[in-house]
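Read off the chains here:
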Amino acid sequence: MINEKITIINKLGLHARAAAKLVATASAYGSTVKIQKDARDADAKSIMAVMMLAAAKGTEVSFQIEGSDEQAAWEAIKTLINNRFDEGE
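Per an unreviewed UniProt entry, the protein goes by the name HPr family phosphocarrier protein and belongs to Reinekea marina. UniProt, in its Sequence similarities (unreviewed entry) section for the protein, records the words "Belongs to the HPr family." As its UniProt record puts it under Subcellular location (unreviewed entry), the protein is described as follows: "Cytoplasm".

## So, the overall build of the protein
Across its full length, the protein holds 3 helices and 4 strands. For the protein, the succession of helices and strands along the chain, N to C, is β-α-β-β-α-β-α. Here the C-alpha radius of gyration of the protein, 11 Å, is about what a compact globule of 89 residues would show, namely 12 Å. Dimensions of the protein, computed from the C-alpha atoms along their principal axes, are close to 35 × 25 × 20 Å. Taking the intrachain contacts of the protein between residues at least 6 apart in sequence as the baseline, contacts between residues at least 24 apart amount to 69%. Accessible surface for the protein amounts to roughly 4,700 Å². Of this, 49% is attributable to carbon and sulfur atoms.

## Describing the side chain of Gln64
Counting through the fold element by element, Gln64 comes out in strand 4 (residues 60-66). Polar contacts involving the side chain of Gln64 include one to the side chain of Asn3, which spans 3.3 Å. Gln64 has contacts with Met1, Ile2, Asn3, Thr32, Val33, Lys34, Gln36 and Asp41, leaving out every residue within four places of it along the chain.

## Overview of the packing of helix 1 (residues 16-27) against helix 3 (residues 70-82)
Working note: a packed helix pair is described by the angle between its axes plus the distance between those axes. At a minimum axis distance of 9 Å, the contact between helix 1 and helix 3 shows a crossing angle of 165°. The angle between helix 1 and helix 3 places the two elements in the roughly antiparallel class. Considering only the axes of helix 1 and helix 3, their crossing is right-handed. In this structure, helix 1 uses Lys21, Leu22, Thr25 and Ala26 to contact helix 3, whose residues at the interface are Ala76, Ile77 and Leu80. Of the residues in the contact of helix 1 with helix 3, the class split is 5 nonpolar, 1 polar and 1 charged.

## Structural notes on unusual backbone geometry
Phi angles above zero are rare outside glycine, and Ala54 is one such case at about 50°. Position of Ala54 relative to the elements: it lies in the loop between helix 2 (47-52) and strand 4. Positive phi outside glycine occurs at Asp86, with the angle close to 60°. As for its position among the elements, Asp86 is in the segment after helix 3. A relative accessible area of 55% means that Asp86 is categorised as exposed.

Basis of the calculations
- For every chain, the first residue of the written sequence is number 1, and numbering continues from 1 onward in sequence order.
- Owing to the predicted nature of the model, reporting of local features is limited to residues with pLDDT of at least 70; listing and counting of side-chain atom pairs is limited to 80 or more, with chain, interface and lining totals taken over all residues.
- Side-chain numbers come from the whole structure's heavy atoms, not from hydrogens or water.
- UniProt positions are given in the numbering used here, feature names are shortened, and annotations may be inferred rather than shown by experiment.
- A run of DSSP states H or I qualifies as a helix once it reaches four residues; a run of E qualifies as a strand once it reaches two. Both are numbered from the N-terminal end.
- The globule rule is 2.2 Å times the number of residues to the power 0.38, and the radius of gyration it is compared with is taken over C-alpha atoms.
- In what follows, residue pairs with any heavy atoms lying within 4.5 Å of each other are defined as contacts.
- Note on areas: Shrake-Rupley, 1.4 Å probe, and residue coverage restricted to the protein chains presented here.
- By the criterion applied in these results, polar contacts are pairs of N or O atoms within 3.5 Å in which, for protein atoms, one can donate a hydrogen and the other can accept it, and in which residues neighboring in sequence qualify only through two side-chain atoms.
- What counts as an axis is a line fitted to C-alpha atoms, over the stretch in contact for a helix, and the angles between N-to-C directions run from 0 to 180 degrees.
- Geometric relationships in this document are graded by angle, where less than 35 degrees denotes roughly parallel, more than 145 denotes roughly antiparallel, 65 to 115 denotes roughly perpendicular, and other angles denote oblique.
- Crossing handedness is defined as follows: a turn of the near helix away from the far one that is anticlockwise and smaller than a right angle gives a left-handed crossing, while the clockwise case is right-handed.
- Ten residues, namely Ala, Val, Leu, Ile, Met, Phe, Trp, Tyr, Cys and Pro, are considered nonpolar, four, namely Asp, Glu, Lys and Arg, are considered charged, and the remaining ones, Gly among them, are considered polar.
- Each residue gets one of three labels from its accessible area relative to the maximum for its type: buried under 20%, exposed over 50%, partly exposed in between, using a 1.4 Å probe on protein chains only.

Listed below in structure tokens is the structure:
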């Protein structure tokens, strides 16, 4: 099981387009992917759950990933976030 923290660094945070990209990335893997902000957990494969976290720029979130492809899933998610969701800022 992977349990890692990362900071949302893109200008608009987890707005609709960024949340959709995160959900698409998480959904590409068989592992269970949970995202947590403060004390709230969300299924990272659910667009509504991710958007309800309202994670703005500078927010630290935690990911809990468990499954046979957990390492690949974490690398893809981490790359997406560190690349600012491919949004040219």
